[in-house]
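Observations on chain architecture
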Amino acid sequence: MRIWIFVLFVLPSLVSAQTPSSIAFYYNSIDSVRELMNYDRVVVTADLITPKQIGTLHKAKTKVFAYLSVGEFDGQILPDNLRTSSPARNENWQSYAMDLNDPQWQLYLTQKAEAYLSKGFDGLFLDTLDSYYLFAKSEKRQYQQQQALVSIIARLDQLTGKPELILNRGFEIIEQLQHPVSAVLAESLYNSYHPVDNS
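Read on for an overview of the structure. (Residues numbered from 1 in each chain as written. Predicted model: local features only at pLDDT ≥ 70, side-chain atom pairs only at ≥ 80, totals over all residues. Heavy atoms only, no water.)

In this section: helix α2 (residues 103-118). The terminal C-alpha atoms of α2, which comprises 16 residues, lie 22 Å apart, in line with the 22 Å expected from a rise of 1.5 Å per residue. Within the span of α2, buried status applies to Trp105, Gln106, Leu109, Thr110, Ala113, Tyr116 and Leu117. All buried residues of α2 project into a common sector of 135° when viewed along the axis, lining one side. Of the exposed residues in α2, those oriented more than 90 degrees away from the buried face are Pro103 and Ser118. Buried-residue contacts for α2 involve β4 (63-69), β5 (72-73), β8 (123-127) and α3 (139-157). A distance of 2.8 Å separates the backbone nitrogen of Gln104 from a side-chain oxygen at the start of α2, and that oxygen is part of Asp102. (Helix = DSSP H or I, 4+ residues; strand = E, 2+ residues; numbered from the N terminus. Expected span 1.5 Å × (residues − 1). Buried < 20%, exposed > 50% of the residue type's maximum accessible area, 1.4 Å probe, protein only. Arc of directions from axis to C-beta. Contact = heavy atoms within 4.5 Å. Polar contact = N/O pair within 3.5 Å; in protein donor to acceptor, adjacent residues only side chain to side chain.)

In structure tokens, the structure reads:
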């Protein structure tokens, strides 16, 4: 069993003023939403929850966020249209670090987000925001990736229904965002999980 430890930052100048007090992250298949109903917000794997379960959570006044990996493609094989979008691999997670400037990757993210929101999600949990450090070694290249990240978040922020956004890290770009996000999260701030040796 994996235990995930997160620190959730609620900074008035960076996030929206009204932020619910509790949040749960659950990435496995969902048999029942009974326990998730105890939280103000839940982050789940979008393909592992049904529209009916989302509706049940909404009746309990729980906001439901879809997990979206912005900086990495976590499938085993890159689709043909994304083959040139990945300059590096994240060997720890067996995923592909993606070039945030690549138009095909940006389109992929937008389409994924739109599909999730049409399923009834209240917002998006944006993960792997700093994966570009795997390949962007110079300050210039890091800056280019950060500017692309700002553009991606702005595009997601403008989708139908103006979804709420929660960021996992992304500290370098928070002050550049045009609109406040719901929260900023820091994973592995004090301890880390190493998937290669399960420690």
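Let us keep going from here.
With that settled, consider the packing of aromatic side chains. Applying the stated criterion across every chain yields a total of seven aromatic pairs. Summarising the aromatic geometry, the rings of Phe25 and Phe125 are spaced 5.2 Å apart at their centres and angled 70° between planes, so their arrangement reads as edge-to-face. Here Phe25, found in strand β2 (residues 23-26), pairs with Phe125, found in strand β8; they are 100 residues apart in sequence, far enough to count as distant. The exposure class of Phe125 is buried, given its relative accessible area of 0%. Here Tyr27 and Tyr67 contribute two aromatic rings whose centre-to-centre distance is 5.3 Å and whose plane-to-plane angle is 70°, an arrangement assigned as edge-to-face. Of this pair, Tyr27 sits in the loop between β2 and β3 (41-44) while Tyr67 sits in strand β4; the two residues are 40 residues apart in sequence, bridging distant segments of the chain. Taking relative accessible area as the criterion, Tyr27 reaches 25% and is therefore assigned partly exposed. Here Arg89 stacks its cationic end above the ring of Tyr96, 4.4 Å away from the centre of that ring. (Phe/Tyr/Trp six-rings, centres within 6.5 Å; stacked < 30°, edge-to-face > 60°. Lys NZ or Arg CZ within 6 Å of the ring centre and 35° of its normal.)

Taken in spatial order, the three strands of this open sheet run β5-β7-β6, and their pairing is antiparallel. A single partner strand is all that each edge strand has here, and the edge strands are β5 and β6 (88-90). (Pairing = 2+ DSSP bridges.)

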